[in-house]
Amino acid sequence: MEIVAGALPSLLPKLAELLAGEYNLQKEVKGGIIFLQAELESMQGALEKIAKTPADKLDDQDKVWARKVKEMSYDIEDTIDAYMVRCKGREPVEQHGFNKAIDKTLKWFWQPKIRRKIATEIREIKSRVIEEHERRRRYEVSLAVDKPVTVDPRLFAQYTEVKELVGIDEARDELISKIMIEENEVPLKQGRIFSIVGFGGLGKTTLANAVYKKIRVQFDCYAFVSVSQTPDLKKLYNGLLYDLGKSINEETLGERRLIEVLREFLEDKRYFVVVDDVWDISVWKMIRCALPDNDVGYTIITTTRISHVAEQAGGAYNMKPLSLNNSRKLLYRGINV
């Protein structure tokens, strides 16, 4: 695994330890590490796919990018290791009297300097990761291969009238009830996240859209975006901005700047966002970077086929199959068509 993914298999757990451990990280540093986790997980997945591709079918640009990412992963791990050693290295052994007072003074003096240094280093690492990501996007070669025309079934789900859908109103009202109950119990600044989970074709998108249409007017702004298995995050961020009613003049904004624009725009707004068809938790984390916690409240609904994605995203809501009565209604409707 190390040959394939460089230091990433050992680096990612260390980033998680930094977030979970008692390292007294600044807010900016925590945000940077969360961003790095998501981005590096995606890069690890890409490296594993590259490793499985036969050498004669591998593009030279992919080979160069893979080498750069692996080299970068070792550099990042060195930086993180050095910071963790500095923090742990200054944990005092049992001291008494004058020595204890001196140790406390030194710890008080050094800790702010260490935190400022790691904040600077995380910013530099983040810039380097973003540059590697964007470099690959800049030099991607799009092969002119004819592709079959495909129709996204989620479009039908979004634009079908609720009255035409058998049994959806019951599930819609149940989920809305859960949202309203939690709204009264959870402090606004924490927000609320619900993840609709179930196998393909069960109606997750339809349910999310029915809830979205029913309660969106209660919010300052709202958006409905689809992810899919091969998401274009830049396109998705632009879709969020468009739906939320935030117009931007520059079409050349990169992903990092789009995240910043979204966070600034939503900081003081009670917003409602549906993120449909999430397949990968690292992609969800990247989207979540653009959807900030705030002091006025927000509601986010995700849909996914994958249980552990729903559990990690939060508020898993298991989509139920049609009841016997509703199944009969659907059957009779089909017969009468």
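So, the side chain of Thr-299: which residues are in play, and what are the values?
On the secondary structure map, Thr-299 appears in strand E4 (residues 298–304). When its relative accessible area of 0% is taken as the criterion, Thr-299 is described as buried. Filtering out sequence-adjacent residues up to four positions away, Thr-299 remains in contact with Ile-179, Arg-192, Phe-219, Tyr-271, Phe-272 and Val-273.

An account of the nonpolar core is requested, with residue identities and associated values reported.
Membership of the largest hydrophobic core comes to 65 residues, with the highest contact counts inside it found for Leu-40, Tyr-237, Leu-240, Leu-244, Val-275, Trp-284 and Ile-287. In terms of residue count, the dominant contributor to this core is helix H3 (residues 27–52) (10 residues). When neighbours within four sequence positions are excluded, Leu-240 is seen to be in contact with Ala-223, Val-225, Leu-262, Val-273 and Leu-291. Residues Leu-207, Ile-215, Phe-219 and Val-274 belong to the second largest nonpolar core, which totals 21 residues.

For the sheet that holds strand E3 (residues 271–276), give the residues involved together with the corresponding values.
Taking strand neighbours across the sheet as the criterion, the 5 strands line up as E2-E3-E4-E1-E5 in an open arrangement whose pairing is parallel. If you trace the sheet from one side to the other, it starts and ends with strand E2 (221–226) and strand E5 (316–318), each paired once. Put simply, the sheet's adjacent strands are angled 15° from each other on average, direction ignored.

Before we move on, can you summarise helix H9 (residues 233–244) with the specific residues and values?
For H9, spanning 12 residues, the distance from its first C-alpha to its last is 16 Å, which sits close to the expected 16 Å at 1.5 Å a residue. Residues Leu-233, Leu-236, Tyr-237, Leu-240, Leu-241 and Leu-244 constitute the buried set of H9. Viewed along the axis of H9, the buried residues span an arc of 140°, placing them on a single side of the element. Exposed and oriented more than 90 degrees from the buried face of H9 are Lys-235 and Tyr-242.

Can you lay out the packing of aromatic side chains for me, pointing to particular residues and giving the numbers?
All chains considered together, the criterion is met by 5 aromatic pairs. Judged by centre distance (5.2 Å) and plane angle (10°), the rings of Tyr-271 and Tyr-298 are stacked. In this pair, Tyr-271 sits in strand E3 while Tyr-298 sits in strand E4, placing the two residues 27 residues apart along the sequence. Grouping residues by exposure puts Tyr-271 and Tyr-298 together as buried. Cluster of aromatic residues (ring-pair linked, three or more members): Tyr-212, Phe-219, Tyr-222, Phe-224 and Phe-272. Just above the ring of Phe-219 sits the side chain of Arg-270; from NZ or CZ to the centre is 4.5 Å.

Explain the side chain of Asp-276 residue by residue, including any values.
Along the chain, the position of Asp-276 falls in strand E3. Residue Asp-276 is classed as buried on the basis of its relative accessible area of 0%. Side chain to side chain, Asp-276 and Thr-205 meet in a polar contact 2.9 Å long. A polar side-chain atom of Asp-276 sits 2.4 Å from a polar atom in the side chain of Thr-303.

Any chance you could break down helix H11 (residues 281–289) for me, citing the residues and the numbers?
Among the 9 residues of H11, 8 are classified as buried, and the element is accordingly described as predominantly covered. Of all the residues in H11, the buried ones are Ile-281, Ser-282, Val-283, Trp-284, Met-286, Ile-287, Arg-288 and Cys-289.

Talk me through the pattern of salt bridges; I want residue IDs and the actual numbers.
Applying the stated criterion across every chain yields a total of 10 salt bridges. Lys-285 is the salt-bridge partner of Glu-41, the closest N and O atoms lying 3.7 Å from each other. Of this pair, Glu-41 sits in helix H3 while Lys-285 sits in helix H11, placing them 244 residues apart in sequence. Because the salt bridges share partners, they merge into one network encompassing Lys-14, Glu-77 and Asp-81.

Can you lay out the packing of H3 against H11 for me, pointing to particular residues and giving the numbers?
Two numbers describe how H3 lies on H11: the axes approach to 8 Å, and their chain directions differ by 145°. As H3 runs across H11, the sense of the crossing is left-handed. Each of Ile-34, Phe-35, Ala-38, Glu-39, Glu-41 and Ser-42 in H3 lies in contact with H11, whose residues at this interface are Ser-282, Lys-285, Met-286 and Cys-289. When its residues are assigned to classes, the contact of H3 with H11 shows 5 nonpolar, 2 polar and 3 charged.

I'd love a proper account of the confidence of the model for the chain, names of residues and values included.
On average, residues of the chain score 76 in pLDDT, and 71% of them are at 70 or above. The secondary structure element of the chain with the lowest average pLDDT is helix H13 (residues 324–336), at 48, and the one with the highest is E3, at 95. For residues 141–151, every residue scores under 50 in pLDDT, and the model assigns this stretch 1 contact once sequence neighbours within four places are set aside. The low-confidence segment residues 159–166 (pLDDT under 50) makes 15 contacts with residues lying over four places distant or belonging to another chain.

Tell me about the pairing of E3, residues and numbers included.
Where burial is concerned, most of E3 is hidden: 6 out of the 6 residues are buried. Burial of the side chains of E3 extends over both faces: Tyr-271, Val-273 and Val-275 are buried on one face and Phe-272, Val-274 and Asp-276 on the other. Pairing of E3 with E4, which is carried by 5 bridges, proceeds in the parallel orientation. Following the sheet pairing, Phe-272 is matched in E4 by Thr-299. Regarding the hand of the β-α-β motif, the stretch spanning E3, H11 and E4 is right-handed.

Parameters at a glance
Residues numbered from 1 in each chain as written. Predicted model: local features only at pLDDT ≥ 70, side-chain atom pairs only at ≥ 80, totals over all residues. Heavy atoms only, no water. Helix = DSSP H or I, 4+ residues; strand = E, 2+ residues; numbered from the N terminus. Buried < 20%, exposed > 50% of the residue type's maximum accessible area, 1.4 Å probe, protein only. Contact = heavy atoms within 4.5 Å. Core = buried A, V, L, I, M, F, W, Y, C linked by side-chain atoms within 4.5 Å. Pairing = 2+ DSSP bridges. Axes fitted to C-alpha atoms, helices over the stretch in contact; angles between N-to-C directions. Expected span 1.5 Å × (residues − 1). Arc of directions from axis to C-beta. Phe/Tyr/Trp six-rings, centres within 6.5 Å; stacked < 30°, edge-to-face > 60°. Lys NZ or Arg CZ within 6 Å of the ring centre and 35° of its normal. Polar contact = N/O pair within 3.5 Å; in protein donor to acceptor, adjacent residues only side chain to side chain. Salt bridge = Lys/Arg side-chain N within 4 Å of Asp/Glu carboxyl O. Left-handed = near helix turned anticlockwise from the far one by under 90°. Nonpolar A, V, L, I, M, F, W, Y, C, P; charged D, E, K, R; others polar. pLDDT = per-residue confidence, 0-100. Right-handed = clockwise from strand over helix to strand, strands pointing away.

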